Amino acid sequence: MNAAASRSGTGELPGPPAPIERSAPRPRREIAFYVLFLLFALYVLVPLAGMVLFSFSDGWIKTILPTHYTLSYWASAMAQPLFIPTFTRSLLASIGTIALSLALLTPTLFVLHVSLPRARPFVEFLSLTPFALPTVVLALSLIRAYSVPPLVLTGTPWLLILSYTVISLPFVYRSIDNSLRAIDTKGLYEAAQTLGASRWNPFWRIILPNIRRGIAAASLLVLSTTFGEYTLSAFLVGDAWKTSGVWVYTFWDSHPHETLALGALSFIVTWSASLVILGLFGRRSASEVGRA
Amino acid sequence: MASDGGWAAHVIQRLRSNLGVGLALTPFVVFIVLFEAIPIVVLLLGSVGWFKEPTLKYLTAVFAHPVYRKSVTNTILVSAISGVIGATVGTAIGYALTATRHDRLRGTLMALANVTANSGGITLAFSFITIVGVTGGLTIALKVIGIDLYSFFTLYSFTGLVVVYVYFQVPLMIVLTLPAFSALRLEWREASTSLGGTTADFWRRVGIPILAPAIIAGAVLLFASGMGAFATALALMGGQANVMTTQVSVLRQGEVIFDPSQADALATVLLVFVAVAVVAYHLIQGRTLRWLKR
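Here the structure is a predicted model, which means the values were calculated and not measured.

Our focus in this paragraph is the overall build of chain B. Helix and strand counts for chain B stand at 13 helices and zero strands. For chain B, the α and β elements follow one another from N to C terminus as α-α-α-α-α-α-α-α-α-α-α-α-α. In terms of overall dimensions, chain B has C-alpha extents of about 75 × 70 × 35 Å along its principal axes. Taken across its 294 residues, chain B has 45% of its residues classed as buried. In chain B, of all internal contacts separated by at least 6 residues, the share reaching a separation of at least 24 is 72%.

Looking now at the overall build of chain A. Each helix and strand in chain A was counted, giving 14 helices and two strands. The 292 residues of chain A split such that 42% are buried.

All right, on to the confidence of the model for chain B then. Residues and elements named next belong to chain B. Looking at chain B, pLDDT values average 85 and 91% of them are 70 or higher. Element-level pLDDT for chain B is lowest in helix H1 (residues 7-17), with a mean of 66, against a maximum mean of 93 in helix H4 (residues 66-99). Across the interfaces of the predicted complex, the ipTM metric reaches 0.85, alongside a pTM of 0.85.

By the criterion of burial, helix H12 (residues 244-253) of chain B is predominantly enclosed, with nine of the 10 residues buried. Along H12(B), the residues that are buried comprise Met244(B), Thr245(B), Thr246(B), Gln247(B), Val248(B), Ser249(B), Val250(B), Leu251(B) and Arg252(B).

Moving on, we get to the interface of chain B and chain A. Counting from both sides, the interface comprises 86 residues of chain B and, opposite them, 74 residues of chain A. Broken down by element, the side of chain B that touches chain A gets its largest block of residues, 16 residues, from helix H2 (residues 19-47) of chain B.

This part takes up the environment of Leu283(B). Considering the arrangement of structural elements, one finds Leu283(B) in helix H13 (residues 260-292). Separated by 185 residues in sequence, Leu283(B) and Thr98(B) place their C-alpha atoms 25 Å apart.

Glancing now at the environment of Ser57(A). Residue and element names in this part refer to chain A. Within the fold, Ser57 resides in strand S1 (residues 57-58). C-alpha separation for the pair Ser57 and Leu151, spaced 94 residues apart in sequence, amounts to 48 Å. When sequence neighbours within four positions are dropped, the list of residues in contact with Ser57 reads Pro66, His68 and Tyr69.

In this model, chain A carries an average pLDDT of 82, and 87% of its residues clear a pLDDT of 70 or more. Ignoring residues within four places in sequence, the model shows residues 1-23 of chain A, a span with pLDDT below 50, making 24 contacts including any to other chains.

Residue and element names in this part refer to chain A. Tracing the sequence through the fold places Gln80 in the loop between helix H3 (72-79) and helix H4 (83-114). Looking at Gln80, the number of C-beta atoms within 10 Å reads 15, which means it is partly exposed. A sequence separation of 178 residues divides Gln80 from Glu258, and the C-alpha atoms of the two residues are 9.6 Å apart.

Our focus in this paragraph is the nonpolar core. Ranked by internal contacts, the top residues of the largest apolar core, which has 156 residues, are Leu266(B), Ala267(B) and Leu270(B). Take this core: its biggest share by element is 16 residues, from helix H8 (residues 158-183) of chain B. Apart from residues no more than four positions distant in its own chain, Leu270(B) is found in contact with Pro134(A), Val137(A), Met227(B) and Met244(B).

As a further point, take helix H3 (residues 57-64) of chain B. Residues and elements named next belong to chain B. Those residues of H3 not exposed but buried are Tyr58, Leu59 and Val62. Burial along H3 is one-sided: seen end-on, the buried residues are contained in an arc of 105°. Away from its buried face, by an angle of more than 90 degrees, H3 presents the exposed residues Thr60 and Ala64.

Quick look at unusual backbone geometry now. The backbone of Asp184(A) shows a phi angle near 55°, a positive value even though the residue is not glycine. Following the sequence through the fold, Asp184(A) ends up in the loop between helix H7 (157-182) and helix H8 (185-194).

Each pair of packed helices can be summarised by the angle the axes make with each other and by the distance between the axes. Residue and element names in this part refer to chain A. One way to put it is that H7 packs onto helix H10 (residues 212-226) with a least axis distance of 8 Å and a crossing angle of 155°. Between H7 and H10, the interaxial angle falls into the category roughly antiparallel. The way H7 lies across H10 gives a crossing that is right-handed. Contacts between H7 and H10 involve Tyr164, Ile167, Ser168, Phe171, Val172, Ser175, Ile176, Asn178 and Ser179 from the first element and Arg213, Gly214, Ala217, Ala218, Leu221, Val222, Thr225 and Thr226 from the second. The residue inventory of the contact of H7 with H10, partitioned by class, reads nine nonpolar, seven polar and one charged.

About the cut-offs
- Residues numbered from 1 in each chain as written.
- Chains lettered and ligands numbered in written order.
- Predicted model: local features only at pLDDT ≥ 70, side-chain atom pairs only at ≥ 80, totals over all residues.
- Helix = DSSP H or I, 4+ residues; strand = E, 2+ residues; numbered from the N terminus.
- Buried ≥ 20, exposed ≤ 12 C-beta atoms within 10 Å, placed from the backbone.
- Contact = placed C-beta atoms within 7 Å.
- pLDDT = per-residue confidence, 0-100.
- Core = buried A, V, L, I, M, F, W, Y, C linked by C-beta atoms within 7 Å.
- Arc of directions from axis to C-beta.
- Axes fitted to C-alpha atoms, helices over the stretch in contact; angles between N-to-C directions.
- Parallel < 35°, antiparallel > 145°, perpendicular 65-115°, else oblique.
- Left-handed = near helix turned anticlockwise from the far one by under 90°.
- Nonpolar A, V, L, I, M, F, W, Y, C, P; charged D, E, K, R; others polar.

See below:
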């Protein structure tokens, strides 16, 4: 950082080699890191805390923290007639998306790893591109293409699941591709072949069981991006098949506390599902999930 | 992809020789064609009025009509500002996470970054209202110590949008750039030091040149994600947020103005902006990959 200062300090001759990073205790730098980490954690956690506090608070207008706490908003949120149907639909859409995206990409990537490694950049490009595709653009183009014969899909849950699958491709691709790479898919497959297995038998019996953690990670990422999603739901199905995201948005003006109770509930559902799935499919730190 | 020019011919040859492989790839390719390629082509055609009467008036209106033009400049401004802030802060935290000696803290914060990197949306915007809205906890807390936040800031504005976008862009930047930071080899630092280089020399001659492509590419992707953000803007500002995504929604779903062709044209322009950003991302990222692959 301050080249001139450190140069003049050591004189003309290079000083003794400075200790390499990490092994050297540099307390001042570590303190700066901790300050940075603290600020980051606060920025990320405070709004989440605000959401939870607000859902339990009764009267939080003129004070820093709520003055009274109540469970009544949670109770009232869940007693809403639309609560069960919209949350069920959102869950169904997410599960359908997980099934479809895994069914599309797992066999494809398996074949690429075993027989067609050179086509991988092509599939990778197609799978990762939706990451940057604005959901509004995707929604409009699907409306244009599927609101007129021969295939009318707008207003149906099928189009919603198909559109969710498009936006899920990047996450699923990354997770499955990383897992297939990590287990030496080609080696395992060829070993099975020399033992006389067919083409798909090793896929079901050897590859799938070995990449179950990648499959779990992919499912979680899909669940967390699609459950309670607003934009595609609002454009593609709207009131015809109202999901929790669309309902929660219209609910805010009249029932803000209940809305955030539902927001907190979605968050809890998604992340407790994560813990359950990760527990079932082997221990892997949460930090690896996103990188997958 | 460009460097691997032979893949197309190779694919065709292999498909011919191995029908089973071809069949296995068919569902994926059909899905992409049906639900990504065809819809986008239809959208592009719609934006030039192909289905009624071919015209460029919708596309030119995006830049000529004062409201749409304003939405274009607003979108670019908000995404650029939040992208630069997100990239700068994300890079600093990404570096700190790589260099810190506290391994458990690193794990926890990485998990936090992964959880929040995709968190944009309705609920996030509402959560911010409870903290820095007019009667939010932090707003009141600042008032208690004598700072009137709303005399110079309001969450329901473009500044507010930046504050909320940064929430998911910083974690996204951390997730995007961490691999590049991890690729900075300790030996390079050692080599630089043993040749007499200072910390500053190392960063100027080795560190920055290796990291720069990853950082710039990450910033470009944040910019693209900001351009596409819709639900967050809608929840904070309703129809008042004049950004391209909310304009599209007003034109497509509004009861007052309903003009699907104009909506298509705005969406097309948005798509072109994002496509340019993505191409830039790939070009810049190509430089980083050279180092990561070693």
